[in-house]
Structures are given as structure tokens and as C-alpha cells.
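Observations on the model geometry
Listed below, chain by chain, are the residues.
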Amino acid sequence: MQNLALLAFSLLGNDSNVAPSPAELLVRRALTAIESQPNRAEAYNQLAFALSRRARETADPAFYERAHEAIQVSLALEPGNLGARKQEAWALLGQHRFGEAADLASALNQEVPDDVLVYGFLVDAHVELGNYATAETACQWMLDMRPGNVPALTRAAYLREIYGDVDGALDLLGEAFYGVPATESEDQAWILTHMSHLHRSVGRYDVARGLVERALGLFPDYHYALAELACIRLSEGDPRAAAVLLRRRYDAAPHPENLLDLARALRSAGDEEEARALFDQFEEAAMKESEGSDNANRELVGYLVDDVDGRESDALALARREVERRHDVFTRDALAWAFHSNGRTEEARKEIESVLEVGLREARVLYHAGAILAASGEPARARALLRESLVRDPRSEVAPGAIDLLAGLPGGDAAR
Amino acid sequence: MRARTLVLPLTLAAVLPFAFASNHREAPITGIDRAADITDVYAFVSYGPNQQPNTPPEKVTLILCVDPLLEPGNGPTLFPFDPGIRYAIEVDNDHDADPDLAFTFRFSTEFQLPGVYTAAAGFENGAFQPGTSNLVVPPRIDDFDDVGLNQRQSYTVERVEYDGGGKATLLDTSGRALYAVPGNAGPRTMDYAALYAAGTYQLANGVSVFAGTVDDPFFIDLGAAFDTANFRTLESGTPGVLSANEDASPANFASDTVSGYAVNAIAIEVPIEMLTATNRIEPATSPFATIGVIGSTSRQRVTVRRSPDPTRSGGGFRQVQRMGNSLINELVIGIGSKDRFSMDRPKNDQQFAGFFLDPPIVGIVEALYGGALKVPSAPRYDLLPLVTYAAPIAANGTPAGPIGDMLRLNTGVPAAAAGQSTRLGLIGGDAAGYPNGRRLADDVVDITLRVAIGGVLDPSFPGFDANVNGRLGDGVNLNDAPLGDVFPYLGLCPDGRNRRHVDPGEPGGGPVN
């Protein structure tokens, strides 16, 4: 137990000139509680909670591993205790072990059906697994049981986004923002960043920039906000500024997929050599973790299709494996794109239709759908989808491709 | 952009508190939404002041009480119904624990004197500014049109048939607006009894309705019950066990904690043929005679999906609470399940079957009695008549249906003749009483203690003692205020100036011990 405490403490920032984050404060509080009552299970649950929150603040999955260790101590002190099992569900979600998280959350929900947090775990797990009806039911219970609660509003907003209702999602996030205490700066920054992402996804770049800059003011160097601001810089045609931000993001959150974004920005900025090196580095790192639950497989599929030549069959094999694990709309979109790149148009079409049926209207997905339907010999629908992609986000990374495709369609024209 | 650790904000959910349950605030959500908090549901074959034996039943009275423990003197706004709530009394008539029809009530509020500080003001024939003819205080309120009834609520009633049967607004036969009877501010301000009489409306098709603030008809030693079943020691010498004399007496031996308090009540009396699946009055021996009744309160909600066409969306309301049998959510359902129970539908009650068939309260009370009380073992199949369609309430041959908490009423059982009803209802030999429906005077506390804990419906278990198991009770045998003997049967709201809460140690309040 002492080792765990020391380890947790070592993960905290040690710059005394920087104010501790909300999660760091929680970690310190939990460690104090453990020191005074080392045999109290709840104190370890508090530590697990704080470590999981710190994982989100920093994007460092090591905190989830530490959280699991705290949970094990708690369970050893008080076998089966509810608080520990709830923290376990959250840590499993953070590690992208969605099936296990869903099973545990279902068991907890049957045991304590009034616990709103557990419904939140159900929503998160089933959204990632692509079981949207189940997720929606759980989310509706959250909204009904405690009207206006922030965890319910943020989850409902995410579902609305997936269902293609961006403005509806923004309504709920706006409401959620005012429900977050001022001390929870990371929660506030998360909401602002996600609102920025939504505004950008429908081409409202100025609004998006204002929101994400406020997020960074609230929570400096927030990895999620840095990435969002970088996307805005790319939309503004400034890949060099985007690369600077993405490098900072990678320093804060050194995950393979974050290298991919950086490499693409550098390539756009004309720095082919470093971009090439980072692409290679990305592929190697992503391949290395490809078999695990917390992986960059979707990004790797996109890379193998869009960024290198002759790797389409590798992309398809990877996408098929990943969709066995989770069939959310983004993974199905990746599979559809991989099928398309291999010339397997019918299978591509089937997958992308299933994505559109859920309702997702992201510019990238709409572009993929347009390309696949064009290959299927449906120029009218293809044209409509490509135009919708351009209307929603005229500066997205797929916009040039959409314009080219539109121009090449029978009876087609350039995007208007 | 993929967010590797994108677990959504959870902060607030982690600190949501559980509230402690009490008799009228049994679930956390209704603990903070008292206007939607259902206190009691009643359903019984209507009767008259001179009820004759075996009179064939014609109508059923359904009553929903909400907003608990209203202190009548608590001005200035008194106790309006919440216009944001849809109040409903729902009826299942095909034994699937899923209501087939409902009577829904919606309220709206107006202020006749917006500049006046209180919901109701009145004084004799009015009070004038000295030396002028300026009316300063309006005349005493004895009619809904009197302006002294500053905060005036009207309401609409709809009969809703589920499964696409449509809605019909029930109107007063004379076309008048339906007004809710306000709380009784006191004798100077209003003639409450006149308003109560005027607030009982005859609608088309033999339907009558009433809505307003009345005396809370529930009676219980609430303080003892929720001091971990710390019932008072009376003649028997065993706490919570009545002597034969006390059991038979129409008097209270402990304080009715609800005495002197008011509640908001909605009552509707309907011809039985409007309720049964056959649209006929069925004999008690018919499987179609028994219906299931719940009360529910619902508020508008935010839905995950926004409906592009609200006329085609049924998802605009969330149920805040529902109630069938008395005390189920209070005493039977675990604290971690109370909100889900309140907000779910009876047809989904299989998830709570563990609580119904093995109520945790039974073991708790057994432990508190330290061996002086023997209780039946789980699973408690003897409790199934409360949560399925079964004898002795439903006729033989009635489909039991799924487990679901509804108040079952055999509409073919005649009302007890005048003077023949007992507070102990069915277990007291009075077939027209709880748990065959529920009348206002039924002592559901004593009945529930004896049925759920005492096991009197199946006394074949070892250690059953009729003088203990069959005499469990809180010592509160009747309501403090007299009940009516015609629809809506409810007692008049205590007046705010002179109301009295009967406390332990006072006359009629039983001992303090």
C-alpha cells in the first residue's frame, strides 16, 4: 500500500510554482486520507477516482494502471465494495476495455439502479461498442433521474452529435457548462473544447476558435484543446502553426495517433523529411500496440489507405479485426473506407450505409460515403453527400478530395 | 481527432447524494420534488351515507394525493398544484400490469390581485381604507369568482386510452371551468367548506371530479415508524403489538403524526363500465372485474433525441413517481433502487421481484424484536396477491399477469354497508377494504405490518402467533379529521389559524415512551 501511495505521489507534478490541477488536488487529498486511515477501503476508492481523473487531464494511461492498483487494495480491504467496482468500471473505460466495462456496469446497474454514474458507464461503453440504442436508453435514464446533471448532458450531447444533431448537442453542452463548478477547470475546458469541435464541424471557425482559446485559458496546455486549436489552424490554412500546437500536444500526450496528426501537418507545411520520419515512427508505434485494447487502429487504417501506397490490404485486415472488437460508427467508417480502397465496393457500401443510418454527418464520413456511392454507380446520391460534406465543413481535410470527386461525377460540377 | 482518454465529465454524478427515505418522501428524487411526490393512492367502490348490504357496485372512486405534510398555516402562497406536472390515475384492465387507460390532470394558475401579498385574502364584506370607499381587503371568499381568491387554479381532465385509443377532454356538464380548492387559510379569509362543495364537479357520462387541498387522510405514527420501527409500548407490553381491546377500538393510542396537516388531492369518480376491459360492470366472480390502479406524476423532460415532429413523439414526459400499493417503495424497495422504482412502469417490476418476495424490512423488524416475533421465510409467495392478480382479491381464473406493483381492486365486490366496514379491510373480514383496493379509512399501516411482516395471509409458518403477528400495529387506528360519506369523501383541510397537530403525550396522542 505504501508503494502505491509513493507511486501515485511520484506521478504528480512537482513544480511548486504551478497551481495543482483539480485531479492533483484530489490525489493529494486521497493520499492524506490513506495516511490517516490506511485500512479504509473508501480512501483507496478516492485515490482511484483521482488517478482516473488525472489520466484524463494528462492523457497518460499509466494513471489508469495506478487506479487499478488502488482498486485492488480497496477490494482486498473490503471485498466486493461498490465504490471500488465503480472505479474499476471507469478505469476499464479509460483503457478502452469497453466490453468488460459494459459487463461490469450492467452488473452494477442491476445492483444499484439509482446510481446515475453507473448509467454513465453504460452509456460510455455502449457508445464505443456501437450499441447506440442501449446507450440512448441508459442516457435517457440519466437525464430523467437527475434532470440537468452534467454527466447526463454531456453524454446526451455526444449521442446527438453521433445522430447528426450538432446544434442539439451544442444546446446541451451549453447547459452543462453552467452546471460545472468553477473549481473544475478541466471539466469546463473539456466542454468548451468539445463545443469548439462541434462548431468547427459545421464550419463556424471563428466561434470555434474563441471557445478553444477560452478552454486553454482555463486549463493551459490541455492536450485536447491543443489538438482542437491545431485543427482550426489547419482550417485557416496555417499548417505550420498547427504543427507547433500538435508538437506540444504530442509532448503532453505521446500517443502514436498524435504523431500522425503532427506528421500530416508537417507534410502540409512542406516539411516532407520530418513528416516522413514521423509517419514511420507512427506506424511502428501504432503497430506495436495494435493488438491491445487501447490502440490507434482506426488512425492506422486511415494512414494505410490515405498516406502510403500499396498497403490497402493491410488496412482492410486491421479494420476487420478492430470492428470485431467495437462496431461504433467511426470504426465502421474506417472499415468501409478500407473496403473501398481495396475495390470491394459492395461491402464498403453496406458498411457506410450502416453509419449513415445512425445519423452521423461528419464531413469526413460524408466524403467517404460520397466516394463509395460514386464507385457504386449512384452519382446523384454521391453528389448530394459530397456537397453536404463541403457545406458542413468547407475547409475540412477531405474538402479538396470532395471537390475533385464532384468535378469528376457524370453531369457533375465543381462544388458551389 | 481521437481522444484516447475521452471519458466524459463525471464530477457531479460522483457526489450526488442519497437522501434518507421517509414515509412521504420515500425516494431521493421525490425528496427534492415534493410537488410531484405521491403520498397515497386510493381506489374503492363508491358508497353512500346509507349504504345497504350487497348493493351492486356502480361507480369507483380513484384518489391521488400529492405534496406531503402541508402545514395549513404556511402562507403566503399556500399549496398550488404544479402546472409543470402531469398528474395521472392509470388503470390496467387486462392483467398485464401495463395501464390501458388514464385520467390525466393539468393545472394552470392565475392571479386575480397581483399586487396583493398573499394567495388568499378576505374579511367579512370587505375592508375599506378609513374615510374612503377604497376597498383594501376583499370580502371573505366563498366562491371561486371572489377576487380574494387571488391565486386561483383551474384544471383540465382528460381520459386517455393507451394503444392509440386517443384522448378525450372531460368537461363540466355546464361548461364551467374546473377550479382547484385552495388551502384553508382560516375562517376570516374564506368559507373553505363552501369552496370544497363548489369544487366538486359533475362531468358528462356520470363522472365526478375534485381537486384541492384537503386534510391528509393518511394516519400513522410516522415518527415512531422512522425511528427504526420504535413503536410505542401499549397494553400488550410488547412495542408495536396491540391488545385485543386496542385493536378493536375506534380510537388512537399513539400520535397521528400527519394530524393537522393537509395534502393536495385529486379525486375522480367514474362508472365502472368506463374502467373494465369489457365496458361492463362485471360480477366479483368475473376475471374482468379486477383492475390494477396506479397514480403517477410526470414532468416534461429533455430527451436524447430531439423530435422533429412533437405530435409523433411520446417522449415528452418523464415519470417522476408512481404508486400502487401503500408503503411498497417506503418499506420494501432498497434505497439504491427507489428512484428507478418510482420512475419505471409496473410491467417492468420483475427487476424488483427480489424485494417483493423477500422484503428486507421483515428481517430488520424480526431482529429488532429479538425473538418475540416470528416471521415467515422467503420467498414470500403469500405476498403475491399484492403484486399480481390473485385470490383473495381477483376471482379464480383471473390471469395473474407479471409481478407489478398496482393497487388491485375487484370492482364487483359491493361496498361495505354503512357501519360494517373495518379499518383492517380484507384481513378484518371486510372484503371491500385494502388490499382489495384501498379506502380512505383503511389502516394500511397495521394491515401492511400484519401482512408483510406478520405473514397473516398464510399463517402456516412455525411460530405464528395470532396475538402477536395478527396484532401488529402502530396504535394509530383512524384519521384525526372526519371523512366525508359521499364523493370525494376527503376530509376538510384544517384551517391554517387553528390547526392542531396531535403530539405524543397530548390527549389522543398516546404515550411518549
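Keep in mind it's a predicted model, so treat the numbers as computed, not measured.

Per the secondary structure count, chain B includes eleven helices and 15 strands. Overall, chain B is about 80 × 70 × 55 Å in size when its C-alpha atoms are taken along their principal axes. In chain B, the share of contacts with a sequence separation of at least 24, taken over all contacts with a separation of at least 6, comes to 69%.

Looking only at helices and strands, chain A features 23 helices and zero strands. Relative to a compact globule of 416 residues, whose C-alpha radius of gyration would be 22 Å, chain A shows 22 Å and is just as compact. Expressed as lengths along the three principal axes of its C-alpha atoms, the size of chain A is roughly 75 × 45 × 40 Å. The 416 residues of chain A split such that 57% are buried. Put simply, 48% of the contacts in chain A that link residues at least 6 apart link residues at least 24 apart.

This part covers the packing of helix 9 (residues 150-162) of chain A against helix 10 (residues 166-179) of chain A. Residue and element names in this part refer to chain A. Two elements in contact, helix 9 and helix 10, have axes separated by 8 Å at closest approach and are oriented at 165 degrees. As summarised for this structure, helix 9 and helix 10 are arranged roughly antiparallel, according to the angle between their axes. For helix 9 against helix 10, the interelement crossing comes out left-handed. Counted together, Val150, Leu153, Thr154, Ala156, Ala157, Arg160 and Glu161 of helix 9 and Val166, Gly168, Ala169, Leu172, Leu173, Glu175, Ala176 and Gly179 of helix 10 form the full contact between these two elements. By residue class, the composition of the contact of helix 9 with helix 10 is nine nonpolar, three polar and three charged.

This paragraph deals with helix 17 (residues 297-306) of chain A. Within helix 17 of chain A, nine of the ten residues are buried, which leaves it mostly tucked inside the rest of the structure. Of all the residues in helix 17 of chain A, the buried ones are Asn297, Arg298, Glu299, Leu300, Val301, Gly302, Tyr303, Leu304 and Val305 of chain A.

A few words now on the pairing of strand 15 (residues 407-410) of chain B. Residue and element names in this part refer to chain B. By the alternation rule, side chains of strand 15 split into Leu407 and Leu409 and Arg408 and Asn410, which are all buried. Across four bridges, the pairing between strand 13 (residues 290-300) and strand 15 is antiparallel. Opposite Ile291, over in strand 15, you have Leu409 as the bridge partner.

Another point: the nonpolar core. Ranked by size, the top nonpolar core spans 272 residues in total, and within it Leu47 of chain A together with Val293 of chain B carry the most contacts. With six residues, the next largest nonpolar core counts Tyr389, Ile393, Ala394 and Ala395 of chain B among its residues.

Moving on, we get to helix 18 (residues 312-325) of chain A. Residues and elements named next belong to chain A. For helix 18, with 14 residues, the first-to-last C-alpha span of 20 Å sits near the 20 Å given by 1.5 Å per residue. Buried residues of helix 18: Glu312, Ala315, Leu316, Leu318, Ala319, Glu322 and Val323, and no others. Within helix 18, the buried residues cover an arc of 170 degrees as seen down the axis, which keeps them to one side. Summarising the geometry of helix 18, the exposed residues directed more than 90 degrees from the buried face are Ser313 and Glu324. On the buried face of helix 18, the contacting elements are helix 17 and helix 19 (329-341).

This paragraph deals with the environment of Phe282 of chain A. Residues and elements named next belong to chain A. Its place among the elements puts Phe282 in helix 16 (residues 272-288). With 25 C-beta atoms packed within 10 Å, Phe282 lands in the buried category. Taking the C-alpha atoms as reference, Phe282 lies 8.7 Å from His255; in sequence the two are 27 residues apart. Residues contacting Phe282, with those up to four places away along its chain left out, are Pro256, Leu259, Leu260, Ala263 and Tyr303.

The next point concerns the environment of Asp405 of chain B. Residues and elements named next belong to chain B. Checked against the element boundaries, Asp405 lands in the loop between helix 10 (384-387) and strand 15. It is 39 Å that separates the C-alpha atoms of Asp405 and Gly186, two residues lying 219 residues apart in sequence. Contacts of Asp405, omitting those with residues within four sequence positions, involve Gly324, Asn325, Ile328, Pro346, Asp349 and Val387.

All names here are of chain B. In space, the five strands of this open sheet follow the order 1-2-12-11-10, with antiparallel pairing throughout. Either end of the sheet is taken by a strand with one partner, and the two such strands are strand 1 (38-45) and strand 10 (200-202). The average angle at which neighbouring strand axes cross in this sheet is 15 degrees, direction not considered. Where strand 1 lies against strand 2 (residues 59-70), seven bridges are found, and the strand directions are antiparallel. Bridging across to strand 2, Ile38 finds its partner in Val66.

In this section: the interface of chain A and chain B. Opposite the 51 residues of chain A that make contact, chain B presents 29 residues. The element that contributes the greatest number of residues to the side of chain A that touches chain B is helix 9 of chain A, accounting for eight residues. Looking at the side of chain A that touches chain B, its residues break down into 26 nonpolar, eight polar and 17 charged.

The subject of this paragraph is the confidence of the model for chain B. As a note on interpretation, predicted positions should not be read in detail where pLDDT is low. Residue and element names in this part refer to chain B. Confidence in the prediction of chain B, expressed as mean pLDDT, is 90, and 92% of residues score 70 or more. Confidence over residues 1-7 falls short of pLDDT 50; this stretch has 20 contacts with residues more than four positions distant or in other chains. Within the model, the stretch residues 9-23 combines pLDDT values under 50 with 41 contacts to residues more than four positions away or in other chains.

Residues and elements named next belong to chain B. Sheet analysis places strand 4 (residues 101-111) next to strand 7 (residues 151-161), joined by eleven bridges and oriented antiparallel. Among the inter-strand pairings, Thr104 is bridged to a residue of strand 7, identified as Glu158. Note that strand 7 and strand 9 (residues 178-179) share two bridges and pair antiparallel. Residue pairing in the sheet places Ser154 in a bridge with Tyr179 of strand 9.

Bringing unusual backbone geometry into the picture now. Residue and element names in this part refer to chain B. Cis geometry marks the peptide bond from Gly75 to Pro76, where omega comes out at 0 degrees. With a phi angle near 50 degrees, Leu78 is a residue other than glycine that sits in the positive phi range. Here Leu78 lies in the loop between strand 2 and strand 3 (85-92). Positioned with a positive phi, His95 is a non-glycine residue whose angle comes to about 65 degrees. With respect to the helices, strands and loops of the structure, His95 is situated in the loop between strand 3 and strand 4. Take His95: there are 23 C-beta atoms within 10 Å of it, and that puts it in the buried class.

Right, let's get into the packing of helix 6 (residues 98-111) of chain A against helix 7 (residues 116-129) of chain A. When two helices pack together, their arrangement is given by the angle between the helix axes and the distance between those axes. Residue and element names in this part refer to chain A. Two elements in contact, helix 6 and helix 7, have axes whose closest approach is 9 Å; the angle formed by their N-to-C orientations is 150 degrees. Relative to helix 7, helix 6 is oriented roughly antiparallel. Crossing of helix 6 over helix 7 shows left-handed handedness. Across from Phe98, Gly99, Ala101, Ala102, Ala105, Ser106, Leu108 and Asn109 in helix 6, the residues of helix 7 making contact are Val118, Tyr119, Phe121, Leu122, Ala125, His126, Glu128 and Leu129. In terms of residue class, the contact of helix 6 with helix 7 is made up of eleven nonpolar, four polar and one charged.

Here the focus is the environment of Val304 of chain B. Relative to the helices and strands, Val304 of chain B resides in the loop between strand 13 and strand 14 (317-323). Under the C-beta neighbour-count criterion, Val304 of chain B is labelled buried, with 26 such atoms within 10 Å.

About the thresholds
- For every chain, the first residue of the written sequence is number 1, and numbering continues from 1 onward in sequence order.
- Chain letters start at A and ligand numbers start at 1, both assigned in the order the entries are written.
- Whole-chain, interface and lining totals are the exception, using all residues; otherwise, since this is a predicted model, local features are given only for residues with pLDDT of at least 70 and side-chain atom pairs are given and counted only at 80 or more.
- Under the DSSP-based scheme used, a helix requires at least four consecutive residues in state H or I and a strand at least two consecutive residues in state E, with every element numbered from the N terminus.
- Residues are scored as being in contact if the C-beta atoms we place from backbone atoms lie within 7 Å.
- A radius of gyration in this sense is built from C-alpha atoms; the matching globule rule multiplies 2.2 Å by the number of residues raised to 0.38.
- Buried, partly exposed and exposed are defined by the number of other C-beta atoms within 10 Å of a residue's own C-beta, namely 20 or more, between the two limits, and 12 or fewer respectively, with C-beta atoms placed from the backbone.
- Axes here refer to lines fitted to C-alpha atoms; in helices the fit is confined to the stretch in contact. Angles between the N-to-C directions go from 0 to 180 degrees.
- Should an angle fall under 35 degrees it is taken as roughly parallel, and over 145 as roughly antiparallel, whereas 65 to 115 is taken as roughly perpendicular and any remaining angle as oblique.
- Each crossing gets its hand from how the near helix is turned against the far one by less than a right angle, where anticlockwise is left-handed and clockwise is right-handed.
- Residue polarity follows a fixed list, in which Ala, Val, Leu, Ile, Met, Phe, Trp, Tyr, Cys and Pro are nonpolar, Asp, Glu, Lys and Arg are charged, and the others, Gly among them, are polar.
- Two strands are said to pair when DSSP picks up at least two bridges between them.
- We define a nonpolar core as a collection of buried residues of the types Ala, Val, Leu, Ile, Met, Phe, Trp, Tyr and Cys that are connected via C-beta atoms lying within 7 Å of each other.
- A helix is expected to reach a length of 1.5 Å times the quantity of its residues less one.
- This arc corresponds to the set of directions leading from the helix axis out to the C-beta atoms.
- What pLDDT reports is the predictor's confidence in each residue, on a scale of 0 through 100.

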